[in-house]
Amino acid sequence: MSDPKHPKPNDQVLDLSDIALSDITPAHVSRLIKLRDGYELAVDNVLSAGPAVIKRAGLHPDEIQAIAEPWAAVQRIDEVVPAVEKLLELLKETRLVHGHTISVKLGELANQIRRRADHAPSAVDVLAPFEPLLTYQSGPALKAAATKEKARGKPSAPSDSDTPT
């Protein structure tokens, strides 16, 4: 593992506390001028210009400094983005793996409950407490059945517009 201040992809500890983050609206994003290819050379050109060249061009050193600070932030962000993207990818994949485990277990539990209900004197007493689980588990099958009915041209359930007045 590398230094949390300078994370590498696959690191799970990232310290980005030195970056002042901005939270803006999508409308604001659309109004921002975006950097184009070649901006690195342009910024380097301005920041590496000597005092005599800056003076000859009629620029004030504060104007140059106004680029230096956001440039350092952009470079820092560019440094950590690969690690942040990889961490996000790992989190999403880990969630998928855990979701798969949960889904498999829910299916097993639903099947076990249905089998128990088949042999119980009162199936309702076994099934009723698990209605949300059983509804969730049968969702794809119900959707597939509705799709097949629709493909055959038969409505799956009468709607209000189908009722004669």
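Higher on the page you've got the structure.
A brief report on the enclosed structure follows.

## Section: the nonpolar core
With 6 residues, the main nonpolar core is built from Ala110, Ile113, Ala117, Val126, Leu133 and Leu134. Going through the elements one at a time, α4 (61–119) and α6 (131–152) are the ones with two or more residues in this core. For this core, the leading source of residues is α4, giving 3 residues. Other than its neighbours up to four places away in sequence, Val126 contacts Ile113, Arg116, Ala117 and Ala120.

## Quick look at the pattern of salt bridges
Taken as a whole, this structure holds 7 salt bridges when the rule is applied. Ionic pairing is found between Asp15 and Lys5, a salt bridge with its closest N-O pair at 3.5 Å. Of this pair, Asp15 sits in the segment before α1 (26–31) while Lys5 sits in the segment before α1, and the two are 10 residues apart along the sequence. A relative accessible area of 25% means that Asp15 is categorised as partly exposed. Using a relative accessible area of 27% as the deciding quantity, one classes Lys5 as partly exposed. The partner of Arg76 in a salt bridge is Asp18, with the nearest N and O atoms 2.7 Å apart. Separated by 58 residues along the polypeptide, Arg76 in helix α4 and Asp18 in the segment before α1 bring together distant segments of the chain. The network of salt bridges with shared partners includes Lys5, Asp15, Asp18, Arg76 and Glu79.

## Some remarks on the packing of α4 against α6
Two elements in contact, α4 and α6, have axes separated by 10 Å at closest approach and are oriented at 115°. On the basis of the axis angle, α4 is roughly perpendicular to α6. As for the relative orientation of α4 and α6, their crossing is left-handed in sense. Taken together, the residues of α6 that come into contact with α4 (itself represented by Ser103, Leu106, Gly107, Leu109, Ala110, Ile113 and Arg114) are Leu133, Leu134, Tyr136, Gln137 and Ser138. Looking at the contact of α4 with α6 residue by residue, the class counts come to 7 nonpolar, 4 polar and 1 charged.

Rules used in this analysis
- Residues numbered from 1 in each chain as written.
- Predicted model: local features only at pLDDT ≥ 70, side-chain atom pairs only at ≥ 80, totals over all residues.
- Heavy atoms only, no water.
- Core = buried A, V, L, I, M, F, W, Y, C linked by side-chain atoms within 4.5 Å.
- Buried < 20%, exposed > 50% of the residue type's maximum accessible area, 1.4 Å probe, protein only.
- Helix = DSSP H or I, 4+ residues; strand = E, 2+ residues; numbered from the N terminus.
- Contact = heavy atoms within 4.5 Å.
- Salt bridge = Lys/Arg side-chain N within 4 Å of Asp/Glu carboxyl O.
- Axes fitted to C-alpha atoms, helices over the stretch in contact; angles between N-to-C directions.
- Parallel < 35°, antiparallel > 145°, perpendicular 65-115°, else oblique.
- Left-handed = near helix turned anticlockwise from the far one by under 90°.
- Nonpolar A, V, L, I, M, F, W, Y, C, P; charged D, E, K, R; others polar.

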